[in-house]
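Chain by chain, the residues:
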Amino acid sequence: MNHSLLRLLWAERGSRAFYIVLLLAAVFVPLLNLGVADGSALHVPTYTVALLGKYMCYALLAIAVDLVWGYCGILSLGHTAFFALGGYAMGMYLMRQIGARGVYGDALLPDFMVFLNWKELPWFWHGMDMFWFAMLMMLFVPGLLAYAFGWFAFRSRVTGVYLSIITQALTYALLLAFFRNEMGFGGNNGLTDFKDLLGFDLQSSGVRIALFLASAIALGLAYAACRAVIASRLGRVIEAVRDAESRARFIGYRVENVKLWVWVFSALLAAVAGALYVPQVGIINPSEFAPINAIEIVVWVAVGGRGTLYGAALGALLVNYAKTYFTAALPEVWLFALGGLFVGVTLFLPKGIVGLIAQWQTRLTKAASLKEASA
Amino acid sequence: MTASSKFRTILRAGALGLALCVGPAAAQDESPAEAPAISEIHDPATLLAALPDAGYADKQAIAEQLVQSAGAQAGPALRALLEGRLYSDANQRVVVVDGEGEGETVALRDPLSGAALGSAASAALTKIGSNNKLRKALKGLLARLDLADADPDKRLAAVNEALRNLDAPAIAALRARRDAETDSKVRDAIDVGLAVADLASDSADTRLAAVQRLSGELSPDVYNALQSLVADDGSGKRREPDERVLMAADAAIHRIDNQRALYGGVETLFFGLSLGSVLVLSAIGLAITFGVMGVINMAHGELMMLGAYTAYVMQQLMPQHITAATLLAIPMAFIVAGAAGIAIERGIVRFLYGRPLETLLATFGLSLVLQQLVRSVFSPLNRSVSTPEFMSGSLVINDALSLTWNRLYIVFFMLLVFLALQLVLKRTSLGLKVRAVSQNRAMARAMGVRSEWIDAATFGLGSGVAGVAGVALSQLTNVGPNLGQSYIIDSFMVVVFGGVGSLWGTLISGMSLGVVSKLLEPHTGAVMAKILVLVFLILFIQRRPRGLFPQKGRAAEG
Amino acid sequence: MERRNFIRSAITMAAAPLLLGLSLSAQAADTIKVGVLHSLSGTMAISETTLKDTVLMMIDEQNKKGGILGKKLEPVVVDPASNWPLFAEKARELLAKDHVDVIFGCWTSVSRKSVLPVVEELNGLLFYPVQYEGEESSRNVFYTGAAPNQQAIPAVDYLMKDVGVKRWVLEGTDYVYPRTTNKILEAYLKAKGVAASDIMINYTPFGFSDWQSEVSKIKTFGSAGKKTAVVSTINGDANVPFYKELGNQKISAEDIPVVAFSVGEEELAGLDTKPLVGHLAAWNYFESIDTPANKAAIAQWHKFIKNDKRTFNDPMEATVIGFKLWVKAVEKAGTTDTTKVIDTLPGLETPNLTGGVAKVLPNHHITKPVYIGEVRDDGQFDVVWKTKSEVPGDAWSDFLPGSKDIEADWVTLKCGNYNKTTKKCSGQNF
């Protein structure tokens, strides 16, 4: 059993490449950051570590979206909701950690509550000073939301574009709600000015490395878990639902249960990504809920290659690196480049970059076999 | 007020024989000694000559004195001052400039006699400015002059203006006019004003008669006057001592409250319908590209943006004819956005048929490109699109209800666009082919329909309608690179709620979403109203997974 | 032969940018790098692009004068794309990767809050040029825009005393600047004896465009017989439809004046101003103020941007002031070392464009004159009122219960949030 599981995880060439790259990054980035002196050509600056950590969170999010879209055929335009809710849970914990070190020195209330004259802590902020509870909430709240939403939507057989649009409505409604200052989540400014995590200073490079490693591990585990799901019997049912939902239902599978299960699992992955993302970027605010961001995630997946988990991760990495690079190198016109990239990829690379690589490989093998044949 | 200009003021005042010696700052502090100075001048020309250097408070005094001394003759000068057309020229003459003072030279007229004074370079003229307080006073003064105007509409406006600021001179003027007035409407308005004045009378009978006269009047001034009559005087007793008057006043207030509530309801409904029309307008193009063709066009908002910019460009091309430019912008926007749509269809979308979700990605990229394109061409700043004369202001139905013209026109415009689209789709051969292709592409092709051509035309049609919607939006909101993004999500919601592929569905869903959110807004606030509408939408889709008007038949399953 | 030539020239052409790049990076060691962190895309590009150009203009001018300390200035422009986490990332990139000596940037409060921890961690220097809600004083940030006491309170004073306003609508976009400003104003008005029933506070979301009901509500509130004014902290995009609706519902400035804190010359340039004439704005700068310095600055701006129609506005002046102060500080300190520049800045002065001086205070804010302007039909403002002298910026409002005991002083106390009653310095990140 164990052996077969291992083989199953190791089966695909892309997956093997993914594990190896991730492992190399997890080992060498911290080494080159802490071990090699600043100024050396091999030194990886802390700035890059923080950036890579962020990309890994995005990659995790992309995998979550790919699981539901690429394998189960549910195009979610609302995964930012789960991502941001996870982020808010982490943010609330980090806010409570500030304690009396806020600018107003109030031991209980976060700064934004003090200056808006809140007298007491809202009920949902209680307990968030405990890490385990905050992490439980980080999984519980998005999980519950995904469960409730999915339970209704899949039982009612909302599909296709309709489903996509109501997931968008979901994250849009949350965006508007979190913008409201009365909600008690800091309104537009969101939660920021974090000091430490589990007692460690967030600005120290040790904690940065730790967060980077945590993101890498989370990404690796999530990847493995998704692979396991896909390669299992359930995975085959999932793909059957994607390809011919009615037929799967007629055969006797409870389609809505399968979808619900994948949906909630994917939402939990997104929430974890959000929770890891927040301490690394230092702020969580309602714009993370923005429907446009949700579309962007889908674009990452499409650019990398829908329906292959490593493709999704690769897409997230590439698009975000392009964004980082273009916004600095071509600040005036970078949207042309990015927009052009999206159009080009959909038109010319229907299977994404992964598909392109696969095409090259087949061409190479074909050429090789031709050569052999002619020789 | 700088020291030097104050010095000049004093010099000029000296020239006037010490008649005037006031800077604006001085006016408030030291006025008792100097304010009578203005009231001693009776020559209109001298008064006018003092205007350019006077402070705002003095301008007001001068204006009042002008009315005193010159009567109706002062009207044109004061109106010019109110409208910012009164200038002082290089020779320190006070002149009126007609029309826009934008050209190189402008024609001048004498403010009092109206005689032509030749022309002058506009650069050599200095505008005689006004501020809010002065403008308000001027409006009051002009109203008093207009009470005797030949035009009954002007008299009515004058009476209403006087009503808003009912001081002793205004009451006196109304009383003087009452019996000479021939127009019944104007006389009614004067009676209302006099009744409001009578509320302060010493005689309880007069007050009672006034209250009875005012019952059913909806003007807020009347309401406030009645309210203050029955209000507490601070010691728990009500200000009005007479029981009969009190009862009558309470009844009158109750009646006004009821009527106001009714008209408030009508107003809210109108607000909802107009919001709904905006939603329908922005969604209806999408209903075609998304509903009929199955293309998720994320660049739809940017096509609207193109339409709005077309309106801007048209107005830039024809700065003297804003109305004509705006009207011409409608077909132009249709052509521009339609051509862009056809280009998008030929260049991108046609390679992606059968993969609707990938059209989403490509058009999303395209929307980024279009936004940045507009930013590069027109700058990231918002552009100013003027409102044509006929669309500004509002249709006053009564004192409690007035509907803004631009919203009214947009409701009509939306209906027009909707009807036109219905006609095109239901009554033309193009429409027939469009419907045929959307229902069964293979069969339509087999019947000899050139589906490729139809696809391009349909996409062009939807995009063109988006451009037309953009012209309408340019009258309501910002014309800038972000215009599209702020409407795209709402548009998708409307189409999905109505049922993909159904124009009627889009109409009903846009209208009902508009009305529902406006009904909610007063109770919940704008943000909560929107959230509630979204939640409602999510729940509704659970009940009816294919929207209000689902497409029936096999094609719908695709 | 021909072909070889072609290849050679192609190679040279391809290599030229490379060589250029090399020479640029070689030269970079001898320049002072100035980071520009303003959104060039996304929702905030409307406002922030102009500030980027302003910084570039100032750098250009300084370089024509020979730079600072004998070194040329080199701008490093990045685009945080109106995306708040991206602001933090870009700030880190500017400081850690490009090693800039100073950053001019941010517009929204949330972008500043996002950048703040990064700037403090890496000991950067940020000049923030926009009016904001106060309640902050960081060692590494200099606030050259107005604090609430330099804009909101004088404006309300004017309306109360000169216009005789008795009833108040505080209308704002729902985010931290309006919330805080309105909290302060509410406390201030109540302290001046305004009854709670004469104050209406209302918030709308960002980019709100359907103002029908809101304006109708204001109209009803304002028709109660007392002089009413609207204090608007409506943000950017929502203003155009707001004013259009005011005009259409026939609410004129004479009846219910609107005093805005976020509507300046540039916003008006995107608006049909006819229905707005007479409405008010409170700023620390107006383009129409006739001083030689102001004229020169506007002329320089038109020349730089190659467009005579472009407007000049308050945040641009604040950028100019911040830049001049930084140049002075670097010259005085003889180095661009952040710590030394930060210590040199308090006490430095530079003339405002509209007269008077901007002096850096120990709380890292500056002194500013306050003007009230009425909108003219040409999109400019007539100044109808101004403060007698410059008002010193107050980081912590005296009208909020939480912050009235807090003081910022980086010269003697070395603290941004010093509690005067508990004598404790709270919440410092270093």
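Residues numbered from 1 in each chain as written. Chains lettered and ligands numbered in written order. Predicted model: local features only at pLDDT ≥ 70, side-chain atom pairs only at ≥ 80, totals over all residues. Heavy atoms only, no water.

This part covers the overall build of chain B. Regarding its fold elements, chain B presents 22 helices and 7 strands. Compactness check: chain B gives a C-alpha radius of gyration of 31 Å against a globular reference of 24 Å for 558 residues, more than 25% above the reference. Taken over the C-alpha atoms alone, chain B extends approximately 95 × 65 × 40 Å along its principal axes. Buried positions account for 53% of the 558 residues belonging to chain B. Long-range contacts, defined as pairs at least 24 residues apart, comprise 63% of the intrachain contacts of chain B with a sequence gap of at least 6. (Helix = DSSP H or I, 4+ residues; strand = E, 2+ residues; numbered from the N terminus. Rg over C-alpha atoms; globule rule 2.2 N^0.38 Å. Buried < 20%, exposed > 50% of the residue type's maximum accessible area, 1.4 Å probe, protein only. Contact = heavy atoms within 4.5 Å.)

This paragraph deals with the pattern of salt bridges. Any two side chains of opposite charge can pair, given that their charged atoms come close. Under the criterion given, the structure shown has 46 salt bridges over all chains. A salt bridge links C:K64 to C:D60; the shortest N-O distance between them is 3.3 Å. Of this pair, C:K64 and C:D60 both sit in helix α2 (residues 45-64), 4 residues apart, which is roughly one turn of that helix. Its relative accessible area of 65% is what places C:K64 among the exposed residues. As a salt-bridge pair, C:E214 and C:K217 come within 3.8 Å of each other at their nearest N and O atoms. Linking C:E214 with C:K217, this pair stays in helix α7 (residues 212-222), spanning 3 residues, or about one helical turn. Its relative accessible area of 2% is what places C:E214 among the buried residues. Salt bridges sharing partners connect three or more residues here, namely B:R407, B:K518, B:E521, C:D210 and C:E245. (Salt bridge = Lys/Arg side-chain N within 4 Å of Asp/Glu carboxyl O.)

Quick look at the packing of aromatic side chains now. Throughout the structure, instances matching the rule amount to 52 aromatic pairs over all chains. Summarising the aromatic geometry, the rings of B:W405 and B:Y409 are spaced 5.7 Å apart at their centres and angled 35 degrees between planes, so their arrangement reads as tilted. Placement of both B:W405 and B:Y409 in helix α16 (residues 405-427) is noted, with a separation of 4 residues, approximately one turn of the helix. Counting every residue linked through ring pairs, the aromatic cluster contains A:Y88, A:F112, A:W123, A:F124, A:W125, A:F178, A:F185 and A:F289. Its guanidinium or amino end placed over the ring of C:F221, C:R167 lies 3.9 Å from that ring's centre, counting from NZ or CZ. Here the basic side chain of C:R179 rests over the ring of C:Y203, its NZ or CZ set 3.9 Å away from the ring centre. (Phe/Tyr/Trp six-rings, centres within 6.5 Å; stacked < 30°, edge-to-face > 60°. Lys NZ or Arg CZ within 6 Å of the ring centre and 35° of its normal.)

Attention now moves to the interface of chain C and chain B. Counting residues at the interface gives 48 residues for chain C and 45 residues for chain B. Of all residues in chain C, C:Q212, C:N248 and C:E254 give up the largest surface area on contact with chain B, accounting jointly for 18% of the area buried on that side. Where chain C touches chain B, the interface holds 6 salt bridges. Its salt-bridge partner being C:E254, residue B:K139 comes within 2.5 Å of it at the nearest N-O pair. Across the chain C-chain B interface, the total number found is 14 residue pairs in polar contact (both at pLDDT 80 or more). (Buried area = accessible area lost by both parts, 1.4 Å probe. Polar contact = N/O pair within 3.5 Å; in protein donor to acceptor, adjacent residues only side chain to side chain.)

Turning to the interface of chain A and chain B, a few remarks are in order. The interface is formed by 41 residues belonging to chain A together with 42 residues belonging to chain B. Regarding the contact of chain A and chain B, the summed buried area is about 3,700 Å², with carbon and sulfur atoms giving 79% of it. By the criterion of area lost to chain B, the three top residues of chain A are A:Y162, A:L335 and A:F336, representing 19% of everything that side buries. Where chain A packs against chain B, one counts 0 salt bridges. Inspection of the region where chain A meets chain B yields 4 residue pairs in polar contact (both at pLDDT 80 or more). Of all elements in the fold, only α6 (131-155), α7 (160-179), α12 (291-304) and α14 (334-348) of chain A reach the threshold of two or more residues within the side of chain A that touches chain B. Among the elements that line the side of chain A that touches chain B, the one with the most residues is α7(A), at 11 residues.

All names here are of chain C. Looking at chain direction, strand β14 (residues 371-375) and strand β15 (residues 381-386) are connected through 5 bridges and run antiparallel. Looking at the pairing, V375 lines up with F381 of β15. Connecting the antiparallel pair β14 and β15 is a turn made up of 5 residues, with G379 showing a positive phi of about 85 degrees. (Pairing = 2+ DSSP bridges.)

Another aspect to go through is the sheet that holds strand β3 (residues 102-105) of chain C. Residue and element names in this part refer to chain C. Spatial strand order, β2-β1-β3-β4-β5: 5 strands in an open sheet with parallel pairing. If you trace the sheet from one side to the other, it starts and ends with β2 (72-78) and β5 (141-143), each paired once. Ignoring strand direction, the axes of neighbouring strands in this sheet form an average angle of 25 degrees. Looking at chain direction, strand β1 (residues 31-37) and β2 are connected through 7 bridges and run parallel. Across the sheet, residue V36 finds its bridge partner in β2, namely V77. Taken strand by strand, α2 contacts β1, β2 and β3, and its axis lies near 165 degrees from that of β2. Running at roughly 165 degrees to strand β4 (residues 126-128), helix α4 (residues 109-121) makes contact with β1, β4 and β5 of the sheet. (Axes fitted to C-alpha atoms, helices over the stretch in contact; angles between N-to-C directions.)

All names here are of chain B. With 90% of its residues at a pLDDT of 70 or more, chain B has an overall mean of 81. Note on residues 1-36: pLDDT under 50 across the span, and 37 contacts to partners over four residues away in sequence or across chains. With pLDDT under 50 throughout, residues 554-558 is counted as low confidence; its partners more than four residues away or in other chains account for 3 contacts. (pLDDT = per-residue confidence, 0-100.)

All names here are of chain A. Even without being a glycine, R157 presents a positive backbone phi close to 55 degrees. With a relative accessible area of 48%, R157 lands in the partly exposed category. Positive phi, normally seen in glycine, also occurs at L198, with a value near 55 degrees. Inspection of the secondary structure puts L198 in the loop between β2 (196-197) and β3 (200-201). You can call L198 partly exposed: its relative accessible area is 49%.

This brings us to the pairing of strand β7 (residues 401-404) of chain B. All names here are of chain B. Burial along β7 is two-sided: L401 and L403 facing one way and S402 and T404 facing the other are all buried. As paired elements, strand β6 (residues 394-398) and β7 share 4 bridges and run antiparallel to each other. Pairing of N398 across the sheet is with L401, part of β7. Between β6 and the antiparallel strand that follows it, β7, lie 2 residues.

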